[in-house]
Structure formats: C-alpha cells, structure tokens
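# Secondary and tertiary structure notes
Okay, here's what each chain looks like letter by letter:
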Amino acid sequence: MIKLENVTKEYQGSNIALRDASADIAKGEFVFLVGPSGSGKSTFLRLLNKQEEPDEGRIFVAGKDIGELSNWKVPMLRRNIGCVFQDFKLLPSRTVAENVSFALEVIGRPRHVIKSQVPAICELVGLGDKTEKYPDQLSGGEQQRVSIARAFVNRPLILLADEPTGNLDPQTANGIMRLLDRINKTGTTVVMATHDRGIVDTMRRRVIELSNGSIVRDQSRGVYE
Amino acid sequence: MAIRMDYVARETGNNLIRNPSLTIATVLTVAVSLALLGAALVIQQGVSGLNGSFEDDVEFIVWMVNDADQEQVASVDSALASSPGVKDHRFVNQAETYAEFESFWKESPEVLDTVSPGDLPTSFRVVPEIPDLAVVESLGAEFEGQPGVLKVDFAADYIKRLNQFSSAASLTMSIAAFASALASSLLMYNTIRTALFARRREVEVMRLVGATNWFIRIPFMLEGLIQGLVGAMFSAIGVWALARTIRDVIFKSGFGLFDSFALTNSQLLPIAIILLVSGAAIGALGSGVAVTRYLDA
C-alpha cells in the first residue's frame with residue numbers, strides 16, 4: 001500500500017529531515033512511527049500525501065509512484081488518504097456535522113450521499129448525539145473524534161495520524177486508540193506518528209523508529225523502547 | 001465532479017460580507033480607475049465623430065451670427081464670390097443645418113427635441129483654389145472681422161487643434177487609467193489574499209481532504225469578479241453622468257468646436273460594455289493570481 005525507496009528529504013538551511021529511508025507497508029497494517037521531536041516523523045507523513053516532495057528516492061502509494069503524479073491529480077491522491085492531527089484542525093464556525101460534511105462537500109459529493117454518510121460516521125465515532133455542537137463546546141477527545149470522522153467519512157485507503165493523542169489525557173487517548181483500531185479493522189491502513197510510549201507498548205503493532213531522519217528500527221509487534 | 005452552485009454562492013457571499021471595508025475600498029478603486037478609462041474613451045469617441053462637418057474639399061467654414069441680416073449675408077457671399085483665392089463656396093441655411101444636425105443626432109431624439117432650426121447658425125462652406133494651410137488661413141482671416149460673421153473654422157486647424165487636445169487628454173487619461181487599473185488589480189490581489197488569510201483553515205482542510213484547486217479557487221475568483229463588476233457599474237454610471245454634463249454644457253453654450261463631444265446614449269453603450277468587461281477582467285485576474293500563488297505556496 002505504501003512503499004518508500006531510499007527517500008531523502010532536506011529542508012533548506014536545516015538538518016536532513018529524512019535520510020535514505022525505505023519502508024514497505026502492506027494494506028491493512030497499523031504502523032507506529034516513533035522517535036523524538038525532529039526525527040522526521042511528520043516529514044514521513046507529509047511526504048505520503050504530497051504535502052512535501054522528496055529530494056531523492058521514490059514513494060509509491062497504492063502501487064503508483066506519486067512523484068510522477070501531475071499536480072492536478074494530487075487531490076485525487078488525497079481523497080484516498082485521511083489525515084488526523086494533534087491540533088484537530090476543525091473549523092470553529094461549523095458544527096460537528098458541518099465539519100464532517102465539509103470534507104464531502106468540497107470534493108463534490110452529492111447531497112444525498114452527505115445526508116446519509118455524515119450521521120452514520122458521527123455515530124461510528126461516538127458523537128451521534130453531539131452533531132449540532134460547535135468544536136469549542138466539545139472536550140479535546142471529542143474534538144479528535146470529529147477530526148477522525150472527517151478523515152474517515154470518505155472511506156480512505158490510508159489514514160495518517162500525526163500525534164493524534166498528543167493533547168489528550170491517557171484515558172481519552174485510549175478511547176481514540178480504540179477508535180483508530182476499529183478503523184484499521186475495516187481494512188484501512190493506519191500510519192500514526194507518536195511519542196506516547198504507553199500506547200505503543202499496549203497496542204503491540206509494527207513500530208518504525210526514526211532518529212535524525214534515519215530509520216533505525218522496523219519491528220513488527222514492537223514496543224516504544 | 002460537479003461543483004455545487006449553492007456551495008459556491010454561499011462561500012462567495014460570505015467572503016464579500018466578511019470584510020466590508022476592504023470590499024468597499026476595492027469596489028471604489030475599480031470604479032475610479034475605470035471611470036478614468038471611460039473618460040479617455042469618451043474623448044476618443046468625440047474626436048472620431050468630428051470629421052463629419054468637413055466634407056470633401058471644404059477647407060474652412062464661415063459661421064454667421066444667428067441674427068445676421070440679409071445684407072450682411074449677401075456681402076459675405078459677394079466677397080467670397082469675388083475673392084480670387086476661392087474656388088467654390090456654398091451657403092448653408094438654417095433648414096439645411098438642421099438637417100445635418102438631425103442626421104448627426106438621429107439616434108437621440110432627446111437632443112433633437114431641445115433644438116429648432118431657428119437656434120442654429122447659417123454658414124458658408126468654402127473650397128479654396130490652393131488647399132495649403134498657410135494660404136487657406138490668410139484667406140479665411142479676411143472674413144473673420146466682417147460684420148455678421150461669428151467665426152471662421154479651418155478644417156486643418158480645427159482637426160489639428162482637436163487632435164492635439166484629444167491626444168494630450170486621452171494620453172493623460174490613459175496613463176492615469178492604466179496606473180489606477182494597476183492599483184485596483186493590486187488592491188484586488190490584496191483583498192483576496194486577506195479573504196484567503198481569513199479562511200486559511202478552511203483552505204488547508206480543503207487541500208487535505210482533496211478538493212481540487214479550481215474548487216478552492218472559484219469562490220475567491222467570483223468574489224473578485226463581482227467586486228470588479230460592481231466597480232465597473234459605478235464607473236459606467238459616472239461616465240454616463242459626465243457625458244450628460246458635457247452635452248448640457250455644449251448645448252447651453254451654443255454649438256461649435258466640441259459639438260461631437262456630446263455623445264448619445266447609443267454611443268455610450270460600447271464604452272459601458274468595455275468598462276464592464278475590464279472590471280470583470282481586473283477582478284478575476286487579480287483574485288486568480290492571488291489564489292494561485294496561495295495554493296502553490
């Protein structure tokens with residue numbers, strides 16, 4: 001599903017963000033990216049949906065070399081990749097339902113699809129009774145559920161999560177992890193960058209460890225270490 | 001993928017009312033710059049309408065005052081007939097002048113209503129032997145001071161003066177129009193950038209969930225387009241008012257050199273269309289560039 005071949009990414013005037021990284025992630029896998037801040041986790045994720053371009057190496061998503069994707073096809077790539085962030089990136093002037101339907105609206109989904117999908121996905125993430133609330137009326141965990149609903153409502157092949165539990169207390173974080181696990185069980189490949197030792201150690205999934213931009217460990221059923 | 005109209009209409013509307021002061025500033029700048037362009041076009045139109053008064057070989061026109069008596073007309077007539085420099089001359093009475101006037105203003109009954117044949121001056125159209133400017137001017141000058149003569153208009157001089165006036169005026173206006181069109185494009189660019197900044201979270205989410213660039217762009221470009229069109233509408237109204245004022249001034253002060261600057265409504269229509277198209281272009285271009293730069297960043 002995702003394949004990196006000797007990928008290097010360097011930011012101007014700063015350190016190398018990713019150095020000769022290679023990895024192969026199969027469909028339906030759940031992968032943790034671990035490592036200290038600045039080790040290249042976010043860059044790894046940003047390369048996958050073409051928010052960044054690699055300086056060297058090739059990246060394949062669903063069998064296609066995304067380096068050869070013309071600009072106008074990038075949106076189509078992104079429709080197959082959901083994104084979840086530490087800071088949720090919800091739109092404060094829209095309700096839960098509107099935040100979720102926004103994602104469908106802007107890719108031109110017809111209204112009847114939106115009408116049926118949005119309540120279903122809100123139910124799935126456990127916010128069936130809060131669809132008319134605004135983000136600032138929700139707890140952090142609930143807001144992250146909205147953002148997951150938004151990322152998943154289009155049934156993407158891949159879900160990228162950049163520190164999704166970073167702002168949450170451990171109990172709330174566990175709820176989010178159970179949700180991501182359920183999404184993974186539907187066949188969606190999940191790649192999650194995290195520092196959260198407890199989560200990685202309890203989930204026991206594949207772990208890719210980055211250090212100064214290099215992959216230093218790739219271990220199935222790994223721990224944080 | 002169909003772009004849903006209700007989405008586009010809602011987003012564009014929200015953008016327009018989100019920052020009213022900036023919207024108004026943009027509309028006004030567009031209006032002012034296009035009004036200058038419109039004024040330049042009015043002048044050009046006026047000049048191009050000029051040549052009608054001078055047909056064929058007529059090199060100068062001796063205009064008689066309105067209340068010139070038969071004797072004065074006869075004396076000018078005989079002076080022209082006896083002058084060795086004059087090849088041919090023709091008296092144009094009030095009825096003929098009115099007929100000329102009528103054909104010139106045939107599209108504007110509102111103008112014709114205000115004028116009767118009695119208001120118009122009679123004239124002699126003169127064809128000289130030698131159509132050289134210096135010779136013609138000294139010949140015409142002989143008639144300038146005669147009793148009953150209002151003035152002598154020389155074709156060459158008349159056209160020369162007008163062309164000078166019009167090229168100077170329309171050059172100035174065109175430069176001013178260009179400069180302010182540039183200013184309004186830049187302001188448009190900034191307005192849209194501000195609108196984009198206000199909506200940067202939305203734009204970021206749109207990009208992440210895979211909205212196409214055009215989908216993101218269209219509401220912003222439409223916003224610029226509407227601002228440009230509204231500005232152009234104001235400028236068209238301004239130019240129309242200007243043309244009305246010129247016409248009134250010309251008709252109140254009698255007829256003469258600048259008659260053809262009084263434009264009819266049907267002459268103003270193409271100018272209005274040019275203004276609207278320019279406004280739309282300024283709006284769509286300024287905002288299109290702003291959005292594209294933002295999207296590619």
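These figures come from a predicted structure and were not determined experimentally. (Residues numbered from 1 in each chain as written. Chains lettered and ligands numbered in written order. Predicted model: local features only at pLDDT ≥ 70, side-chain atom pairs only at ≥ 80, totals over all residues. Heavy atoms only, no water.)

A tally of helices and strands in chain B yields 10 helices and four strands. Starting at the N terminus and walking to the C terminus, you meet the elements of chain B as α-α-β-α-β-α-α-β-α-β-α-α-α-α. The 297 residues of chain B split such that 43% are buried. Across chain B, every contact between residues at least 6 apart in sequence was considered, and the portion connecting residues at least 24 apart equals 84%. (Helix = DSSP H or I, 4+ residues; strand = E, 2+ residues; numbered from the N terminus. Buried < 20%, exposed > 50% of the residue type's maximum accessible area, 1.4 Å probe, protein only. Contact = heavy atoms within 4.5 Å.)

Looking now at the interface of chain B and chain A. By a frequent convention, interface size equals the accessible area lost on bringing the separate parts together. The partner chain A presents 24 residues to the 20 residues of chain B that form the contact. At the boundary of chain B with chain A, total buried surface from both sides reaches about 1900 Å², with 57% on carbon and sulfur atoms. Summed over the three residues of chain B that lose the most area to chain A, namely Arg4(B), Leu208(B) and Val209(B), the buried surface amounts to 33% of that side. The interface formed by chain B and chain A includes four salt bridges. Across the pair Glu11(B) and Arg94(A) runs a salt bridge, and its minimum N-O distance is 3.7 Å. Every element with two or more residues in the side of chain B that touches chain A is listed here: α1 (5-18) and α8 (200-209) of chain B. (Buried area = accessible area lost by both parts, 1.4 Å probe. Salt bridge = Lys/Arg side-chain N within 4 Å of Asp/Glu carboxyl O.)

Here we come to the sheet that holds strand β8 (residues 189-193) of chain A. Residues and elements named next belong to chain A. Sheet architecture is open: six strands sit in the order β6-β7-β8-β3-β9-β10, paired in mixed fashion. Bordering the open sheet on either side are β6 (81-85) and β10 (214-219), each of which pairs with just one other strand. Ignoring which end each strand starts from, the neighbouring axes of this sheet average 15° apart. The sheet contact formed by β6 and strand β7 (residues 158-162) spans five bridges and is parallel. When the sheet's bridge partners are listed, Val84 is paired in β7 with Ala161. Against the sheet, helix α1 (residues 41-48) contacts β3 (30-34), β6, β7, β8, β9 (206-211) and β10, and its axis sits at roughly 150° relative to β7. Helix α5 (residues 140-152) rests against β6 and β7 of the sheet, and its axis sits at about 165° to β6. (Pairing = 2+ DSSP bridges. Axes fitted to C-alpha atoms, helices over the stretch in contact; angles between N-to-C directions.)

Once that is clear, we can look at the sheet that holds strand β1 (residues 60-64) of chain B. Residue and element names in this part refer to chain B. With antiparallel pairing, four strands are arranged side by side in an open sheet as β2-β3-β1-β4. The open sheet terminates on both sides in strands that have one partner only, identified here as β2 (86-92) and β4 (149-154). When strand polarity is set aside, the average angle formed by the axes of neighbouring strands in this sheet is 20°. Across four bridges, β1 lies against strand β3 (residues 123-128) in antiparallel orientation. Bridge assignment links Ile61 to a residue of β3, and that residue is Arg125.

The subject of this paragraph is helix α3 (residues 70-82) of chain B. Owing to its 3.6 residues per turn, the α-helix brings residues three or four apart onto one side. All names here are of chain B. Taking 1.5 Å of rise per residue, the 13 residues of α3 would be expected to cover 18 Å, and the 18 Å separating its terminal C-alpha atoms lies within 8% of that figure. Residues of α3 that are buried: Val73, Val76, Ala79 and Leu80. Viewed end-on, α3 has its buried residues packed into an arc of 130°, placing them on one side of the element. Exposed positions of α3 whose direction lies more than 90 degrees from the buried face are Gln70, Glu71, Ala81 and Ser82. (Expected span 1.5 Å × (residues − 1). Arc of directions from axis to C-beta.)

Topologically, Gly38(A) is positioned in the loop between β3 and α1. Along the backbone, Gly38(A) and Leu210(A) are 172 residues apart, and their C-alpha atoms lie at a distance of 9.3 Å.

This part takes up the pattern of salt bridges. Residues and elements named next belong to chain A. Under the defined criterion, the tally for this structure stands at 22 salt bridges over all chains. A salt bridge links Glu52 to Lys9; the nearest nitrogen and oxygen atoms lie 3.8 Å apart. Linking Glu52 in the loop between α1 and β4 (56-61) with Lys9 in strand β1 (residues 2-10), this pair joins segments that are 43 residues apart in sequence. For Glu209, the salt bridge goes to Arg217, with nearest N and O atoms at 2.9 Å. Assessed through its relative accessible area of 12%, Arg217 is described here as buried.

Read these as spatial facts, not as claims about activity.
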